[in-house]
Amino acid sequence: NLKSRAIYVHHCDANPTLGATIKSYEHVDILAPAFEMCRDSNLIDPKFLPLFASPPSHANSLKSHIQTSTATSGRSNKFRFEGELAYPETVARVIEATQKPHLHIGYLESAHLECIETALKQRGLELSLFKYVGPVQSVSQALVDHQVDVYITSAPDGGGKALIEALSAKIAVLVYVNECNDRLVDRYHKDNLPSVFKTWSNVDQLCISLKNLDVGLQAAKCLEFYEANHSLDAFTAGLRHLQSHASS
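Read on for an overview of the structure. None of these values were measured; they are calculated from a predicted model. (Residues numbered from 1 in each chain as written. Predicted model: local features only at pLDDT ≥ 70, side-chain atom pairs only at ≥ 80, totals over all residues. Heavy atoms only, no water.)

The secondary structure content of the chain amounts to 9 helices and 9 strands. Taking all 248 residues of the chain together, 47% fall into the buried category. Of the contacts formed within the chain by residues at least 6 apart in sequence, a portion of 67% connects residues at least 24 apart. Element-wise, carbon and sulfur atoms account for 51% of the exposed surface of the chain, whose accessible area totals about 13000 Å². (Helix = DSSP H or I, 4+ residues; strand = E, 2+ residues; numbered from the N terminus. Buried < 20%, exposed > 50% of the residue type's maximum accessible area, 1.4 Å probe, protein only. Contact = heavy atoms within 4.5 Å. Areas by Shrake-Rupley, 256 points an atom, 1.4 Å probe, with all protein chains shown as cover.)

Pasting the structure below:
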């Protein structure tokens, strides 16, 4: 029964939070799957404000001579390091499929880096093909500076902002979707993912996609989607619409 006109920005990684049910708030979701999930709850009337991430400050004029160098970003908690979808095995399989460098952006613990090194050795792959970049100020700029051709989203936990930064860098993107759908937000992520995205659910699918991907065409489609849905212009238009609604 609060009388506040507060705007409640809902950061939803797994399930709607308690604050999401307060009807006196102007509830705002910044990612489409969370928006659809909250709208279907019938508890609130959410508004959508598209998440904006800055594009690279400059584009690198150079490009790798042969495509399919890859990258993934995220801290250790975004990945598994044993069992199904183990990141070390994923890295090794990706490098084996492309024979090109794979970069990791974001912090990984030393023990996890050792697991990746072991996985590469077991497949007889050059250790230098895995490049650990670590934390950066801008994912999009790091992708451009390191001349990455394909961005692979983290699995099993994805990153919303990192994906949008990758789109802004004009590179091809392969998005992980969870076919098991053990979390509510995973079901909405899969069901609401725009058709422009190429997806993967296991490492076999990922490697096949890397070998068959039209990198240039997919990169152009990803940039077009970013400009229409997550650019500064799109964010500004969404913000103006939200302000207009809140003041009416």
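There's plenty left to go through after this.
For the rest of this paragraph, the subject is unusual backbone geometry. The omega angle of the peptide bond from Ala 155 to Pro 156 is 10 degrees, so this bond is cis rather than trans. Mapped onto the fold, Pro 156 is located in the loop between strand S7 (150-152) and helix H5 (160-168). In the Ramachandran plot, Gln 147 falls in the positive-phi region, its phi being about 55 degrees despite a non-glycine side chain. Position of Gln 147 among the secondary structure elements: in the loop between helix H4 (139-145) and S7.

With that out of the way, let us pick up the sheet that holds strand S9 (residues 198-200). Across the sheet, 6 strands lie side by side as S6-S5-S4-S7-S8-S9; this open sheet has parallel pairing. Only two strands of the sheet have a single neighbouring strand rather than two, namely strand S6 (130-134) and S9. Sheet twist, expressed as the mean angle between neighbouring strand axes with direction ignored, is 25 degrees. Set on the sheet, helix H8 (residues 215-229) makes contact with S7, strand S8 (172-176) and S9; between it and S8 the angle comes to about 80 degrees. (Pairing = 2+ DSSP bridges. Axes fitted to C-alpha atoms, helices over the stretch in contact; angles between N-to-C directions.)

This paragraph deals with the pairing of strand S5 (residues 102-105). Alternating positions in S5 separate into two faces, His 102 and His 104 on one and Leu 103 and Ile 105 on the other, with burial throughout. Examined bridge by bridge, strand S4 (residues 70-73) and S5 share 4 bridges and lie parallel to one another. Bridge pairing links Thr 70 to His 102 in S5. Relative to S6, S5 runs parallel, the two sharing 4 bridges. Within S6, the position partnered with Leu 103 by the bridge is Lys 131. Each parallel crossover has a hand, and the one from S5 via helix H3 (residues 110-122) to S6 is right-handed. (Right-handed = clockwise from strand over helix to strand, strands pointing away.)

Right, let's talk about the environment of His 104 for a bit. On the secondary structure map, His 104 appears in strand S5. A sequence separation of 26 residues divides His 104 from Phe 130, and the C-alpha atoms of the two residues are 7.8 Å apart. The contact partners of His 104, leaving out residues within four places of it in the chain, are Thr 72, Ser 73, Gly 74, Phe 79, Tyr 87, Phe 130, Lys 131, Tyr 132, Val 133 and Gly 134. At 2.8 Å, the side chain of His 104 and the side chain of Tyr 87 are in polar contact. (Polar contact = N/O pair within 3.5 Å; in protein donor to acceptor, adjacent residues only side chain to side chain.)

In total, this model carries 1 cavity of 30 Å³ or more according to the counting rule given. In this model, the largest cavity occupies a volume close to 100 Å³. Lining the largest cavity are 13 residues, with Phe 79, Tyr 87, Thr 90, Thr 153 and Trp 200 positioned closest to its centre. Counting residues per element, the lining of the largest cavity draws most heavily on helix H2 (residues 87-98), at 4 residues. (1 Å grid on protein atoms, 1.4 Å probe; cavity = no way out; pocket = protein on both sides within 12 Å on 5 of 7 lines; lining within 4 Å. Points joined across faces, edges and corners; volume = space filled by probe spheres on them.)

As for its placement among the helices and strands, Leu 242 is situated in helix H9 (residues 232-247). Separated by 214 residues in sequence, Leu 242 and Val 28 have C-alpha atoms that sit 8.7 Å apart. With sequence-adjacent residues up to four places away left out, Leu 242 is seen in contact with Ile 7, Val 28 and Lys 47.

With that settled, the discussion passes to the side chain of Ser 76. Here Ser 76 lies in the loop between S4 and H2. A residue is classified by how much of its surface remains accessible, and Ser 76, at 10% relative accessible area, is buried. Separated by 3.1 Å, the side chains of Ser 76 and His 112 make a polar contact. Aside from chain neighbours lying at most four places away, what touches Ser 76 is Phe 81, Tyr 107, Leu 108, Glu 109 and His 112.

Function cannot be read off these values alone, since they describe shape.
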